[in-house]
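Single-letter residue listing:
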Amino acid sequence: MTTAPVLDVTGLDVHYGVRRRRRRILHDVSLSVAPGETVGVIGETGSGKSTFARAVLGLAAASAGRIVIGGEDVGRYGRRQWRSLRRRGVVQYVFQDPLRSLDPDLTVGESLVEPLLVRGVPRAEAAGRARAFLDRVRLSEDLLGRLPGELSGGQRQRIAVARALVTEPKLVILDEPVSALDSANRVQILEILKELRDAGTALVFISHDLGSVAGVADRIAVLYRGELVETGTARDVITTPEHAYTRLLVSSAPTLRSAPADRVEREALRALLHA
Ligand SMILES: Nc1ncnc2c1ncn2[C@@H]1O[C@H](COP(=O)(O)OP(=O)(O)OP(=O)(O)O)[C@@H](O)[C@H]1O
């Protein structure tokens, strides 16, 4: 028996600008994510990663292609339908800047409880679940009464992760969730994501850093100049990268190689890419 994908993107094109300023940012991007699967989307700056996240969340308009989330074709969804999709716990998101994912006027407790109340969970149960999630992201209950502005960057991002996952949505899009954090916080959030992944939510983890994605993702999709040039299991993409750009990424990530990166090889790959 095959299970239906929780996210199914086919032939996605996104353009920005109008008339002579119109530029194609994404071209013919197709990606399918199974329930409970973690897919890493990696690419250099400007390759279109955030645009992909925005299109999947209905924040950037597709000029071609189809996006199906949890069995719903969201192509023509308006703002209200998107809100309903999030409220029904189908899709959630975490951005690089946690202040974009959190309401600055809600305390940590309110931020965690609100999505549960909206879904009809009784208040006492919602409060209990919020506390349990604080524990899962390794934060103390003392923070429940604080506002996002009264937390450190790492604490804020953990709250953003907890808020996105507290309703146990089918799909969470994480756009550079660890890029703004120091290395200790980065490692902790990656550990937390690994644990939460095992709870059954599908994650799309977007990052420019192959090293961050490698330990969390089941599959990796490589975006280069707006096109997906390679998709495969994390192991295959890292051990036998096919596209020259992927080989360059792998050779530039020292923690993924047993031997030090070879400069001559990297220069040859760059030359190949720009030929
Ligand atoms: N609102 C916009 N209007 C016009 N062009 C845009 C807009 N947003 C992004 N772009 C352009 O689209 C391209 C892709 O941007 P995007 O933010 O998706 O890249 P990215 O891979 O996420 O990069 P980064 O890693 O730096 O965040 C870039 O050339 C960017 O300048």
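Report follows, based on the coordinates. As the structure is a computational prediction, the values presented were derived from the model and not from experiment.

Brief notes about the overall build of the protein chain
The helix and strand tally for the protein chain stands at eleven helices and ten strands. For a compact globule of 275 residues, the expected C-alpha radius of gyration is about 19 Å, and the protein chain comes in at 19 Å, within 12% of that figure. The dimensions of the protein chain, computed from C-alpha atoms along their principal axes, are 60 × 45 × 45 Å. Taking all 275 residues of the protein chain together, 47% fall into the buried category. Long-range pairs, those at least 24 residues apart, make up 64% of the contacts in the protein chain with a sequence separation of at least 6. Total accessible area on the protein chain stands at roughly 13700 Å², and carbon and sulfur atoms take up 47% of it. Here the protein chain contributes 39 positive and 33 negative side-chain charges, whose respective centroids are spaced 6 Å apart.

Focus on the sheet that holds strand β2 (residues 23-33)
Taken in spatial order, the four strands make up an open sheet running β2-β1-β4-β5, and their pairing is antiparallel. Two strands bound the open sheet, and with one partner strand each, they are β2 and β5 (72-73).

Regarding the side chain of Thr107
With respect to the helices and strands, Thr107 occurs in the loop between α3 (98-101) and α4 (108-118). Beyond its immediate stretch of four places on either side in the chain, Thr107 contacts Leu144, Gly145, Arg146 and Leu147.

Observations regarding helix α5 (residues 123-136)
Between its first and last C-alpha atoms α5 spans 20 Å; for 14 residues at 1.5 Å apiece the expected length is 20 Å, and the two agree. Every buried residue belonging to α5 is among Ala126, Ala130, Phe133 and Leu134, and all of these are buried. Buried residues in α5, looked at end-on, bunch into an arc of 105°, giving them a common side. Turned more than 90 degrees off the buried face of α5, the exposed positions are Ala124 and Asp135. Elements in contact with the buried residues of α5: α4, α6 (153-165) and α7 (183-197). One or two residues past the end of α5 sits Arg138, with phi positive at roughly 55°.

Overview of the side chain of Ser47
Secondary-structure assignment places Ser47 in the loop between β3 (38-42) and α1 (49-56). Among the polar contacts made by the side chain of Ser47, one reaches the main-chain carbonyl oxygen of Glu44 at a distance of 2.7 Å. Discounting chain neighbours no more than four positions away, the residues touching Ser47 are Ile25, Leu26, Leu223, Tyr224, Arg225 and Gly226.

Notes on the sheet that holds strand β10 (residues 227-233)
Reading across from one edge, β6-β7-β8-β3-β9-β10 is the order of the six strands in this open sheet, with mixed pairing throughout. Each end of this open sheet is capped by a strand with a single partner; those strands are β6 (91-94) and β10. Put simply, the sheet's adjacent strands are angled 15° from each other on average, direction ignored. In this sheet, strand β8 (residues 202-207) lies alongside β3 in parallel orientation, the contact comprising five bridges.

Section: the packing of α4 against α6
In the contact formed by α4 and α6, the axes pass within 8 Å of each other and the chain directions differ by 20°. Put simply, α4 runs roughly parallel to α6. Considering the relative orientation of α4 and α6, their crossing is right-handed. Between α4 and α6, the residues in contact are Val108, Ser111, Leu112, Glu114 and Pro115 and Ile159, Ala162 and Arg163, respectively. Residue composition of the contact of α4 with α6, by class: five nonpolar, one polar and two charged.

Some points on the environment of Asp182
The residue Asp182 is located in the loop between β7 (171-175) and α7 in this model. A distance of 2.9 Å separates a polar atom in the side chain of Asp182 from the backbone nitrogen of Asn185.

Details of unusual backbone geometry
Of note, the phi angle at Arg138 is positive, near 55°, even though the residue is not glycine. In this fold, Arg138 is placed in the loop between α5 and α6. Among the residues examined, Arg138 registers a relative accessible area of 36% and is labelled partly exposed. Positioned with a positive phi, Glu176 is a non-glycine residue whose angle comes to about 50°.

Scoring rules and cut-offs
Residues numbered from 1 in each chain as written. Predicted model: local features only at pLDDT ≥ 70, side-chain atom pairs only at ≥ 80, totals over all residues. Heavy atoms only, no water. Helix = DSSP H or I, 4+ residues; strand = E, 2+ residues; numbered from the N terminus. Rg over C-alpha atoms; globule rule 2.2 N^0.38 Å. Buried < 20%, exposed > 50% of the residue type's maximum accessible area, 1.4 Å probe, protein only. Contact = heavy atoms within 4.5 Å. Areas by Shrake-Rupley, 256 points an atom, 1.4 Å probe, with all protein chains shown as cover. Lys, Arg positive; Asp, Glu negative; His and termini not counted. Charge placed at Lys NZ, Arg CZ, Asp CG, Glu CD. Pairing = 2+ DSSP bridges. Expected span 1.5 Å × (residues − 1). Arc of directions from axis to C-beta. Polar contact = N/O pair within 3.5 Å; in protein donor to acceptor, adjacent residues only side chain to side chain. Axes fitted to C-alpha atoms, helices over the stretch in contact; angles between N-to-C directions. Parallel < 35°, antiparallel > 145°, perpendicular 65-115°, else oblique. Left-handed = near helix turned anticlockwise from the far one by under 90°. Nonpolar A, V, L, I, M, F, W, Y, C, P; charged D, E, K, R; others polar.

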